[in-house]
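Inside the fold
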Amino acid sequence: MTDIFTPEKRSEVMSRIRGRDTKPEIALRSLLHRMGYRFTVNGPKNRGLPGKPDVVLPLLRTVVFVHGCFWHGHEGCKHFRLPKSRHDWWVAKISGNKARDQRNESALREMGWHVVTIWACALGTHAARTWLEARLPNLLGPPGASPALPMVAEDATPYRTGNP
Ligand SMILES: [Zn+2]
């Protein structure tokens, strides 16, 4: 059987189907990399911790979730508009996702992790990324921080980011 794709194209298509690497996640990684952060995206911690964090910064004892504005219900965001048809079903679906996010965040905090949630819209445009870049050291701690020092203030309330 002849494949309609070249091998390169096929592997690109398959990795997009198989992987959970979305455009905002990739944008965050390149931002973190450029800023000098050390992190993992597919290590044992990414796979083993509650909610499978998208980015783990072991030295900073911090995990980052990149949340899609629609599926995770970014209140007030233009990317979060519930469809008119089957409205109740969507309300239940999205609030279920949000409840699960909250459970994962609480479990991680109890394990001593600092949890940062970044909405996808904060990574969607160049202007938003510039805005986010200026705030990342406050959210995560400085890139070159020594793990021996307390670098982030642990807070009971979640740090959330989105467009200003
Ligand atoms: Zn949003």
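Only a predicted model underlies this, so the values are computations on that prediction, with no experimental measurement involved.

A few points about the overall build of the protein
- Along its length, the protein carries five helices and four strands.
- Traced from its N-terminal end to its C-terminal end, the protein shows the element sequence α-α-α-β-β-α-β-α-β.
- Every one of the 164 residues in the protein was classed for burial, and the buried ones make up 24%.
- When contacts within the protein are restricted to residue pairs at least 6 apart in sequence, those whose partners lie at least 24 apart make up 61%.

Some details on the packing of helix α2 (residues 23-35) against helix α5 (residues 126-140)
- Where α2 contacts α5, the axes come no closer than 11 Å and their chain directions differ by 50°. When the axes of α2 and α5 are compared, the pair comes out oblique. Once α2 is placed against α5, the crossing between them reads as right-handed. Across from Ala27, Leu31 and Met35 in α2, the residues of α5 making contact are Arg129, Glu133 and Leu136.
- Within the contact of α2 with α5, the residues separate by chemical class into four nonpolar, no polar and two charged.

Re the pairing of strand β3 (residues 114-119)
- Of all six residues making up β3, six are buried, and the element is well covered by its neighbours.
- On the question of chirality, the crossover connecting strand β2 (residues 62-67) to the parallel β3 by way of helix α4 (residues 87-110) is right-handed.

Some details on α2
- For α2, built from 13 residues, the straight-helix expectation of 18 Å at 1.5 Å per residue is met to within 8% by its first-to-last C-alpha distance of 18 Å.
- Those residues of α2 not exposed but buried are Pro24, Glu25, Ala27, Leu28 and Leu32. Buried residues along α2 cover an arc of 160° about the axis, so they all sit on one side. Exposed side chains of α2 directed beyond 90 degrees from the buried face belong to Lys23, Ser30, His33 and Arg34.
- Tucked inside the fold, the buried residues of α2 contact β1 (55-57), β2, β3 and α5.
- Positioned one or two residues after α2, Gly36 has a phi angle of 90°, which is positive.

Description of α5
- For α5, spanning 15 residues, the distance from its first C-alpha to its last is 20 Å, which sits close to the expected 21 Å at 1.5 Å a residue.
- Looking at α5, one finds that the buried residues are Ala128, Leu132, Leu136 and Leu140.
- Gly141 sits one or two residues past α5 and shows a positive phi near 100°.

Points about the environment of Thr117
- Note on placement: Thr117 falls in strand β3.
- Note on Thr117: 22 C-beta atoms within 10 Å, which makes it buried.
- Taking the C-alpha atoms as reference, Thr117 lies 5.7 Å from Val64; in sequence the two are 53 residues apart.

What counts, and where the lines are drawn
- Residues numbered from 1 in each chain as written.
- Predicted model: local features only at pLDDT ≥ 70, side-chain atom pairs only at ≥ 80, totals over all residues.
- Helix = DSSP H or I, 4+ residues; strand = E, 2+ residues; numbered from the N terminus.
- Buried ≥ 20, exposed ≤ 12 C-beta atoms within 10 Å, placed from the backbone.
- Contact = placed C-beta atoms within 7 Å.
- Axes fitted to C-alpha atoms, helices over the stretch in contact; angles between N-to-C directions.
- Parallel < 35°, antiparallel > 145°, perpendicular 65-115°, else oblique.
- Left-handed = near helix turned anticlockwise from the far one by under 90°.
- Nonpolar A, V, L, I, M, F, W, Y, C, P; charged D, E, K, R; others polar.
- Right-handed = clockwise from strand over helix to strand, strands pointing away.
- Expected span 1.5 Å × (residues − 1).
- Arc of directions from axis to C-beta.

Treat this as a map of the structure, not an account of what it does.
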